[in-house]
Amino acid sequence: MTAESVTPGGVPGGAPRDVDPRLLRAFVAVAEELHFTRAAARLYVAQQALSRDVRRLERELGAELFARTTRQVTLTADGERLLPYARRVLLAQDELVAAATGARRPLLVDLNSPGLVSARILRRARELAPECELMARYESGLTGAAAELAAGRLDAAFGRFAGLDPALRAGLAQQPVRYEPMAVLLPSGHPLTELDAVPLDALAGEAVYAGAGNPGTREWTDLARLLFAGRGIEIAPPAPLAVGPEEFERVMAKNRNPVLAVVDFPAMPGAELRPLIDPVPLSPVSLVWRKGLVHPGMTALRTAAAELAVEEKWLRRPSNTWVPAVDALIMVSQN
């Protein structure tokens, strides 16, 4: 078998030297959605046209990329091999268009807090698109970021998409990234710091801070409300927003309230992080951006998020976990 008879992704057959990028976009959309109707809506094309493009790509490559039944669509082994290469070809095309049109403005991305999964995605995106300027900011809460996304003052953010107002969600697109295990930050000396992991029932009778009163983190407070319901756990009253480790330590020492967090939350002075168990509550994290946004940096972010989610198995839900039903539905869809 000669080198010319194998595609870069390892797909056998006499693949054409040139592949229409439109066909690759159709393939990637279906591969990420695993649903032709949703993929067509995402690309603003008719489903019949999308199916036609996928079939044409399969003919040109001489390989079946999807296994289709009346109930589901799955990638074949050839489709799995082709996917990362197709994403990188589309990223290169977006960069080419941006360079030709001068659309090389920086992409502003809200990472919420340092050290979270969003920071890893941004690092990978910068590796994929070194010519793009991806600027990070660190401000807490997807609710606060969503209005700026819709207004065009911010390009991308991370957080719990299901917690946004439906009117805001209508103008935004999202890509599921991770089910992130949740944790609790305990003030130093708290009795529960003796445990390696804290059962949810052990928080009964506690008032746990979850951003109550902060208009920028309503989606997080709502997640806490759903988690605490029926467990005897209260949401702590509003507290001053602590910016920086020193202020966090001061407020923590003064209020002595545990703080709802995630397992990747950065270390804070005066507090000890413990994972929550029995069940393990999961925080659904999505990459969120304004619908219609075209920028090579955005393509790089989406590619980075998809690659890391597969490599790290971020979207797999182990047994004995908890996530709200509305979030579970959103986390299996993309737009």
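Calculation criteria
- Residues numbered from 1 in each chain as written.
- Predicted model: local features only at pLDDT ≥ 70, side-chain atom pairs only at ≥ 80, totals over all residues.
- Heavy atoms only, no water.
- Helix = DSSP H or I, 4+ residues; strand = E, 2+ residues; numbered from the N terminus.
- Rg over C-alpha atoms; globule rule 2.2 N^0.38 Å.
- Buried < 20%, exposed > 50% of the residue type's maximum accessible area, 1.4 Å probe, protein only.
- Phe/Tyr/Trp six-rings, centres within 6.5 Å; stacked < 30°, edge-to-face > 60°.
- Expected span 1.5 Å × (residues − 1).
- Arc of directions from axis to C-beta.
- Core = buried A, V, L, I, M, F, W, Y, C linked by side-chain atoms within 4.5 Å.
- Contact = heavy atoms within 4.5 Å.
- Pairing = 2+ DSSP bridges.
- Right-handed = clockwise from strand over helix to strand, strands pointing away.
- Axes fitted to C-alpha atoms, helices over the stretch in contact; angles between N-to-C directions.
- Parallel < 35°, antiparallel > 145°, perpendicular 65-115°, else oblique.
- Nonpolar A, V, L, I, M, F, W, Y, C, P; charged D, E, K, R; others polar.
- Salt bridge = Lys/Arg side-chain N within 4 Å of Asp/Glu carboxyl O.
- Left-handed = near helix turned anticlockwise from the far one by under 90°.

Novice: What should I look at first to understand the overall build of the protein in this one?
Specialist: Across its full length, the protein holds eleven helices and 13 strands. A compact globule built from 335 residues should have a C-alpha radius of gyration of about 20 Å, and the protein, at 22 Å, falls within 12% of that. By principal-axis analysis of the C-alpha atoms, the protein measures approximately 70 × 45 × 40 Å. A total of 335 residues make up the protein; the buried ones form 50% of that total.

Novice: Which parts of the structure should I look at to understand the packing of aromatic side chains?
Specialist: The relation between two aromatic rings is expressed through the spacing of the ring centres and the mutual angle of the planes. Throughout the structure, instances matching the rule amount to two aromatic pairs. Plain terms: the ring middles of Phe-27 and Phe-66 are 5.5 Å apart, the flat faces sit at 50° to each other, and that makes the pair tilted. With Phe-27 in helix H1 (residues 21-33) and Phe-66 in strand S1 (residues 66-68), this residue pair connects regions lying 39 residues apart in the sequence. Since its relative accessible area comes to 0%, Phe-27 is described here as buried. Ring centres of Phe-36 and Phe-66 lie 6.2 Å apart, and the angle between their planes is 70°; this geometry places the pair in the edge-to-face category. Residue Phe-36 is found in helix H2 (residues 36-43), and its partner Phe-66 is found in strand S1; the two are separated by 30 residues along the sequence.

Novice: Looking at this structure, I do not really get helix H3 (residues 47-61). What am I missing?
Specialist: One turn of an α-helix holds 3.6 residues; hence residues three or four places apart share an orientation. Between its first and last C-alpha atoms H3 spans 21 Å; for 15 residues at 1.5 Å apiece the expected length is 21 Å, and the two agree. Inspection of H3 places Leu-50, Ser-51, Asp-53, Val-54, Leu-57, Glu-58 and Leu-61 among the buried residues, and these make up the whole buried set. Down the axis, H3 shows its buried residues gathered within 160° of arc, on one side only. Of the residues in H3, the exposed ones pointing more than 90 degrees away from the buried face are Gln-48 and Arg-59. Immediately beyond the C-terminal end of H3, within one or two residues, lies Gly-62, with a positive phi of roughly 70°.

Novice: How should I be thinking about the nonpolar core in this particular structure?
Specialist: Buried together is how nonpolar side chains tend to be arranged in soluble globular proteins. Core analysis: the largest hydrophobic core is formed by 29 residues, its most contacted members being Val-109, Ile-121, Phe-158, Val-177, Leu-287 and Leu-301. Among the secondary structure elements, those contributing two or more residues to this core are strand S3 (107-110), helix H5 (117-128), strand S5 (156-159), strand S6 (172-187), strand S12 (280-290) and helix H10 (296-312). Those residues within four positions of Phe-158 in sequence are excluded, and the remaining contacts are Val-109, Asp-110, Leu-111, Ser-118, Ile-121, Leu-142, Val-177, Val-285, Ser-286 and Leu-287. By size, the runner-up hydrophobic cluster in this structure holds 23 residues, among which are Val-30, Ala-39, Leu-57 and Leu-61.

Novice: I keep staring at the pairing of S3 and nothing clicks. Help me out?
Specialist: Two faces belong to every sheet, and in a regular strand the side chains alternate between them. The sheet contact formed by S3 and strand S4 (residues 134-137) spans four bridges and is parallel. Bridge pairing in S4 places Asp-110 opposite Arg-137. After leaving S3, the chain enters H5 and then returns to the sheet as S4, a path that is right-handed. When S3 meets S5, the two strands line up parallel, connected through two bridges. Its bridge partner being in S5, Val-109 is matched across the sheet by Ala-156.

Novice: For this particular structure, what's the right way to read the packing of H2 against H3?
Specialist: The axes of two packed helices give the description: the angle between them and the distance between them. For the pair H2 and H3, the least separation of the axes is 9 Å and the interaxial angle reads 100°. Judged on the interaxial angle alone, H3 and H2 are roughly perpendicular. The segment H2 lies against H3, with Phe-36, Thr-37, Ala-39, Ala-40 and Leu-43 engaging Gln-47, Leu-50, Ser-51 and Val-54. Tallied by class, residues from the contact of H2 with H3 come to six nonpolar, three polar and no charged.

Novice: Can you walk me through the pattern of salt bridges in this structure?
Specialist: Two side chains carrying opposite charge are able to pair once their charged atoms lie near each other. In total, this model carries 22 salt bridges according to the counting rule given. The residue Arg-302 makes a salt bridge to Glu-32 at a minimum N-O spacing of 3.5 Å. With Arg-302 in helix H10 and Glu-32 in helix H1, this residue pair connects regions lying 270 residues apart in the sequence. The pair formed by Arg-302 and Glu-32 is uniform in burial state, with each residue classed as buried. A salt bridge links Asp-264 to Arg-178; the shortest N-O distance between them is 2.6 Å. Of this pair, Asp-264 sits in the loop between strand S10 (259-262) and strand S11 (271-277) while Arg-178 sits in strand S6, and the two are 86 residues apart along the sequence. Accessibility expressed as a relative area gives 12% for Arg-178, which makes it buried. Linked by salt bridges that have partners in common, Arg-88, Arg-124, Glu-307 and Glu-311 make up one network.

Novice: Which parts of the structure should I look at to understand unusual backbone geometry?
Specialist: For residues besides glycine, phi is generally negative; the peptide bonds are generally trans as well. Note that the residue after Asp-278, namely Pro-279, is joined by a cis bond; omega there is -5°. Relative to the helices and strands, Pro-279 resides in the loop between S11 and S12.

Novice: What's the story with the packing of H1 against H2 in this structure? I'm lost.
Specialist: Two numbers describe how H1 lies on H2: the axes approach to 8 Å, and their chain directions differ by 130°. Comparing the axis directions of H1 and H2 gives the class oblique. Crossing of H1 against H2: the hand is right-handed. Along the contact surface, H1 presents Arg-25, Ala-26, Val-28, Ala-29, Val-30, Glu-32 and Glu-33, while H2 presents Phe-36, Arg-38, Ala-39, Arg-42 and Leu-43. A breakdown of the residues in the contact of H1 with H2 according to their chemical character gives seven nonpolar, no polar and five charged.

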